[in-house]
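Structure assessment
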Amino acid sequence: MERITLLFCLLVTTTALSQEAPFGLVIHGGAGTILRSNLDEQKETAIRETLNRALDAGWVILHNGGNSTEAAIAAVKILEDSPFFNAGKGAVYTNTETHELDASIMEGKTLQAGAVSGVTNVKNPIELARLVMTDSPHVMLSGEGAESFAKEKKLELVPNDYFNTDYRYQQLQKAKEKSKKVSRKADPGLEKFGTVGAVVLDKHGNLTAATSTGGTTNKRYGRVGDSPIIGAGTYANNQSCAVSATGHGEYFIRYVVAYDICARMLYREETLEEAADYVVSTTLKEAGGSGGVIAIDVSGNVAMPFNTKGMYRGYRIGADDPVVGIYSED
């Protein structure tokens, strides 16, 4: 099958009022084969409205002087609570018709981070990832241990079937049927990507990156992708930028994509646009990996490159109006 290697990258320079510190956020709701023909007008409108609500939730906190972590959590929770995105409520099904969720968060000021993988009853995994960062000596917790920690911290828990949606169930059935016709190595669950994330700059000059996902449709054996792995799917450093990724996680892990973008800025003195564009359009493309990233730097510049048909995305910087996009031509 011929690879589609469309690339979209947008650089936005902050136009906030003079003497006001730059601030803003960027969000994504996953990248993949997102075509106009697959979205009716009503669903597209609803998705764009949800993206705007997520931007508003984070932006209000930033506008009022709040910190980047609070804004990132607020934005990601809106996306986790929506059935349109593969995280939280809209999480895809595993091969055994359950849901396993992953999430991570990282602060650029201190390089503190928290992550969870394979949780099954936490309504908002991004909240649990933050508590791992702030209330434990660890960076990552998984499975039953992460669930026990969530109970200890009195996070909202839900039965696993809370995450059930008919749309995702039909995706699973199609993936299972396709798996009978292709080799096991060419896992059909990896063809459509879904993850949500936010990268944020607050008025104090601090960056935060946050990512949450339901993984891949039809995943087996407790598979974990890049989203909860610091440096692969999530990374933030006030010295350079904050990045949240979405795509074929195995490639993002192998090429440490989120960290590589930040490192190219720091060590090669590349701009955010140059670093993000190179990693997505060259490193990933040449390796055979598909997906995209969102990124923001300490000056409020934004990059959103992807090499798939589309990526749910949006940004709001300073006093400017919010902007959302879905397709490569948006």
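Residues numbered from 1 in each chain as written. Predicted model: local features only at pLDDT ≥ 70, side-chain atom pairs only at ≥ 80, totals over all residues. Heavy atoms only, no water.

Some words on the sheet that holds strand S3 (residues 113–119)
For clarity, the threshold we go by: In short, DSSP must find at least two bridges between two strands for them to pair. By definition, any uninterrupted DSSP run of H or I lasting at least four residues is a helix, any uninterrupted run of E lasting at least two residues is a strand, and each is numbered from the N terminus. Simply put, an axis is a line fit to the C-alpha atoms, just over the touching stretch for a helix, and the angle between two N-to-C directions goes from 0 to 180 degrees.
Taking strand neighbours across the sheet as the criterion, the eight strands line up as S4-S3-S2-S6-S5-S1-S11-S12 in an open arrangement whose pairing is mixed. The open sheet terminates on both sides in strands that have one partner only, identified here as strand S4 (140–142) and strand S12 (323–327). Sheet twist, expressed as the mean angle between neighbouring strand axes with direction ignored, is 10 degrees. Of the pairings in the sheet, the one linking strand S1 (residues 24–32) to strand S5 (residues 196–201) comprises five bridges and is antiparallel in character. Opposite Val-26, over in S5, you have Val-199 as the bridge partner.

Comments concerning the pairing of strand S6 (residues 207–213)
Inclusion rule: Only protein chains enter the accessibility calculation, which uses a 1.4 Å probe; a residue is then buried when its area is under 20% of its type maximum, exposed when over 50%, and partly exposed in between.
With seven of seven residues buried, S6 is to be regarded as a mostly interior element. The two faces of S6 match: Leu-207, Ala-209, Thr-211 and Thr-213 on one face and Thr-208, Ala-210 and Ser-212 on the other face are all buried. Alignment of strand S2 (residues 101–107) against S6, held across six bridges, turns out to be antiparallel. Within S6, the residue paired with Ser-104 across the bridge is Thr-211. Where S5 meets S6, six bridges bridge the pair, whose relative direction is antiparallel. By the bridge assignment, Val-196 is partnered in S6 with Ser-212.

Examining the nonpolar core
Where we set the bar: Working definition of a nonpolar core: buried Ala, Val, Leu, Ile, Met, Phe, Trp, Tyr and Cys residues. They are joined through side-chain atoms within 4.5 Å. It only takes one pair of heavy atoms within 4.5 Å for two residues to be counted as in contact.
One finds Leu-25, Ile-27, Leu-51, Leu-128 and Tyr-312 to be the most contacted residues of the largest nonpolar core, which totals 48 residues. No other element matches helix H2 (residues 68–80), which puts seven residues into this core. Tyr-312 has contacts with Ile-27, His-28, Gly-29, Gly-30, Ile-34, Leu-39, Ile-47, Leu-51, Phe-85, Gly-325 and Ile-326, leaving out every residue within four places of it along the chain. Within the second largest apolar cluster, 38 residues are counted, among which are Ile-261, Ile-294, Ile-296 and Ile-317.

Let's talk about unusual backbone geometry
The phi angle at Leu-111 is positive, at roughly 65 degrees, despite the residue not being glycine. Here Leu-111 is to be found in the loop between S2 and S3.

Concerning the pattern of salt bridges
Test applied: Between Lys or Arg on one side and Asp or Glu on the other, a salt bridge is scored when a side-chain nitrogen of the former is within 4 Å of a carboxyl oxygen of the latter.
Tallied over the full model, the rule gives 14 salt bridges. Between Asp-330 and Arg-36 there is a salt bridge, with its nearest N and O atoms 3.7 Å apart. Of the two residues, Asp-330 sits in the segment after S12 while Arg-36 sits in the loop between S1 and helix H1 (41–63), which places them 294 residues apart along the sequence. Accessibility expressed as a relative area gives 30% for Asp-330, which makes it partly exposed. Arg-36 sits in the partly exposed class, given a relative accessible area of 43%.

A closer look at the packing of H2 against helix H3 (residues 125–135)
Using the following cut-off: The cut-offs work like this: below 35 degrees is roughly parallel, past 145 is roughly antiparallel, 65 to 115 is roughly perpendicular, and the gaps in between are oblique.
Interhelical geometry of H2 versus H3 gives an angle of 150 degrees and a closest axis separation of 9 Å. Classified by the angle between their axes, H2 and H3 sit roughly antiparallel to one another. Two secondary-structure elements touch here, H2 through Thr-69, Glu-70, Ile-73, Val-76, Lys-77 and Glu-80 and H3 through Pro-125, Ile-126, Glu-127, Arg-130 and Met-133.

Things to note about the confidence of the model for the protein chain
Basically, it comes down to this: As a per-residue measure, pLDDT tells how confident the predictor is, with possible values from 0 to 100.
Scored by pLDDT, the protein chain has a mean of 91; 91% of the residues are at 70 or more. Every residue in residues 1–18 is under pLDDT 50, and counting partners more than four places away or in other chains gives 46 contacts. Confidence drops under a pLDDT of 50 for residues 186–191, and excluding neighbours within four residues, the segment shows twelve contacts in the predicted structure.

What to know about the packing of H3 against helix H4 (residues 143–152)
Quick reminder of the rule: Amino acids outside the nonpolar list (Ala, Val, Leu, Ile, Met, Phe, Trp, Tyr, Cys, Pro) and the charged list (Asp, Glu, Lys, Arg) are all regarded as polar, and Gly is one of them.
Contact pair H3 / H4: the axes reach a minimum separation of 10 Å and the direction vectors enclose 80 degrees. What the angle tells us is that H3 and H4 run roughly perpendicular. Of the residues in H4, those in contact with Leu-128, Leu-131, Val-132 and Asp-135 of H3 are Ala-146, Phe-149 and Ala-150. For the contact of H3 with H4, the class distribution of residues is six nonpolar, no polar and one charged.

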